[in-house]
Amino acid sequence: MDRARHPFSGGTTRRRLLQAGALAAVPGSLLAVGRADASAAAVDYPAAQSVPASTSNYTASSRPSSYPIDYVIIHVTQETWTDALAIFKNSAKQVSAHYVVRSADGHIAQCVREKNIAWHAGNWDYNTRSIGIEHEGWVDQPEYFTDALYEQSAALTASVCARYGIPADREHIIGHVEVPGATHTDPGPYWDWTRYIRLVNSA
């Protein structure tokens, strides 16, 4: 409630006084829970942290009513976690993904809401019909592909597939390199697709 629009006055009713007193008696921890719930609403995957990309780096939409969501596209950042998030926040970069998974612990940031079209695939048709998931690391450094990264990413992908009816197979969960016209090679030769698809299906 906007208190500036509802100031107390000599004519304030007893009900309003009681309501104000009740609000004052609410523990701060409960008010904090309310704020946390509002923050949680900014993500589509409950385990994710909201780290919004610049609005200049994706297209607002209303998927899946505007476009069906048929694919999950797997990427590798070729950057650190921190730098990848900074790039998505930079309005001059013209790039984004829906999610970024951190190598060390599998922590997930959501940068673009799933209803919107992230600019990650280098192909407009695939952008409109996919969820893009970036993974911290480099294609030639498999040590970045930790157990935590595989497991948390697979749980995310399983959730996406379940919510949009996407078959959890290699025809629908693809690498950036497999997008028509792609100039990128990620996730690269060290990405364990057999393990990943198994994890998705057991999540």
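For clarity, every value in this text was computed on a predicted model and none was experimentally measured.

## Focus on the side chain of asparagine 57
Line of reasoning, step 1. Structurally, the position occupied by asparagine 57 is in the loop between strand S1 (49-50) and strand S2 (58-59).
Line of reasoning, step 2. For asparagine 57, the side chain forms a polar contact with the main-chain oxygen of phenylalanine 88, separated by 2.8 Å.
Line of reasoning, step 3. Beyond its immediate chain neighbours, meaning those up to four positions away, asparagine 57 contacts Ile87, Phe88, Lys89, Asn90, Ser91, Lys93, Gln94, Val95, Ser96 and Trp119.

## Here's the deal with the sheet that holds strand S7 (residues 130-135)
Line of reasoning, step 1. Reading across the sheet, the six strands line up as S1-S5-S4-S7-S3-S8 and stay open at both edges, with mixed pairing between neighbours. Strand pairing shows two members of the sheet lacking a second neighbour, S1 and strand S8 (173-175), which therefore form its edges.
Line of reasoning, step 2. Pairing analysis gives two bridges linking S1 to strand S5 (residues 108-110), with the strands arranged parallel. Bridge pairing in S5 places glutamine 49 opposite alanine 109.
Line of reasoning, step 3. Lying over the sheet, helix H5 (residues 147-164) contacts strand S3 (71-76), strand S4 (99-101), S5, S7 and S8, oriented at roughly 175° with respect to S7.
Line of reasoning, step 4. Set on the sheet, helix H6 (residues 193-202) makes contact with S3, S7 and S8; between it and S8 the angle comes to about 150°.

## Overview of the packing of aromatic side chains
Line of reasoning, step 1. The full count for this structure, using the stated rule, is nine aromatic pairs.
Line of reasoning, step 2. When the ring of tyrosine 150 is compared with that of tryptophan 191, the centres are 4.8 Å apart and the planes differ by 45°; the resulting orientation is tilted. Of this pair, tyrosine 150 sits in helix H5 while tryptophan 191 sits in the loop between S8 and H6; the two residues are 41 residues apart in sequence, bridging distant segments of the chain.
Line of reasoning, step 3. Looking at tyrosine 150, the relative accessible area reads 3%, which means it is buried.
Line of reasoning, step 4. Look at tryptophan 191 and you get buried, because its relative accessible area is 4%.
Line of reasoning, step 5. Among the aromatic side chains, those forming a connected cluster through ring pairs are Phe145, Tyr150, Trp191, Trp193 and Tyr196.
Line of reasoning, step 6. If you follow arginine 102 out to its NZ or CZ, it ends over the ring of tryptophan 81, 4.9 Å from the centre.
Line of reasoning, step 7. A cation sits over an aromatic face here: arginine 129 above tyrosine 126, 5.6 Å from the ring centre.

## Regarding the environment of cysteine 161
Line of reasoning, step 1. Structurally, the position occupied by cysteine 161 is in helix H5.
Line of reasoning, step 2. Expressed as a C-alpha distance, the spacing of cysteine 161 and histidine 172, which sit eleven residues apart in the sequence, is 9.1 Å.
Line of reasoning, step 3. Residues within four places of cysteine 161 in sequence aside, it is in contact with Val72, Ile166, Pro167, Ala168 and Ile173.

## A closer look at the confidence of the model for the protein
Line of reasoning, step 1. Scored by pLDDT, the protein comes out at a mean of 85, with 80% of its residues at no less than 70.
Line of reasoning, step 2. Under a pLDDT of 50 for its full length, residues 1-40 has, in the predicted model, six contacts with residues more than four places off or in other chains.

## Quick look at unusual backbone geometry
Line of reasoning, step 1. The amide bond that connects arginine 63 to the next residue, proline 64, takes the cis arrangement and shows omega of 5°.
Line of reasoning, step 2. Looking at the secondary structure, you find proline 64 in the loop between S2 and S3.
Line of reasoning, step 3. The peptide bond linking aspartate 186 to proline 187 adopts the cis configuration, its omega dihedral lying at 10°.
Line of reasoning, step 4. Despite not being glycine, glutamine 78 shows a phi value in the positive range, around 60°.
Line of reasoning, step 5. Along the chain, glutamine 78 falls in the loop between S3 and helix H3 (81-89).
Line of reasoning, step 6. Taking relative accessible area as the criterion, glutamine 78 reaches 34% and is therefore assigned partly exposed.
Line of reasoning, step 7. The backbone of glutamine 94 shows a phi angle near 60°, a positive value even though the residue is not glycine.
Line of reasoning, step 8. Within the secondary structure, glutamine 94 is located in the loop between H3 and S4.
Line of reasoning, step 9. Take glutamine 94: its relative accessible area is 44%, and that puts it in the partly exposed class.

Calculation criteria
- Residues numbered from 1 in each chain as written.
- Predicted model: local features only at pLDDT ≥ 70, side-chain atom pairs only at ≥ 80, totals over all residues.
- Heavy atoms only, no water.
- Helix = DSSP H or I, 4+ residues; strand = E, 2+ residues; numbered from the N terminus.
- Polar contact = N/O pair within 3.5 Å; in protein donor to acceptor, adjacent residues only side chain to side chain.
- Contact = heavy atoms within 4.5 Å.
- Pairing = 2+ DSSP bridges.
- Axes fitted to C-alpha atoms, helices over the stretch in contact; angles between N-to-C directions.
- Phe/Tyr/Trp six-rings, centres within 6.5 Å; stacked < 30°, edge-to-face > 60°.
- Buried < 20%, exposed > 50% of the residue type's maximum accessible area, 1.4 Å probe, protein only.
- Lys NZ or Arg CZ within 6 Å of the ring centre and 35° of its normal.
- pLDDT = per-residue confidence, 0-100.

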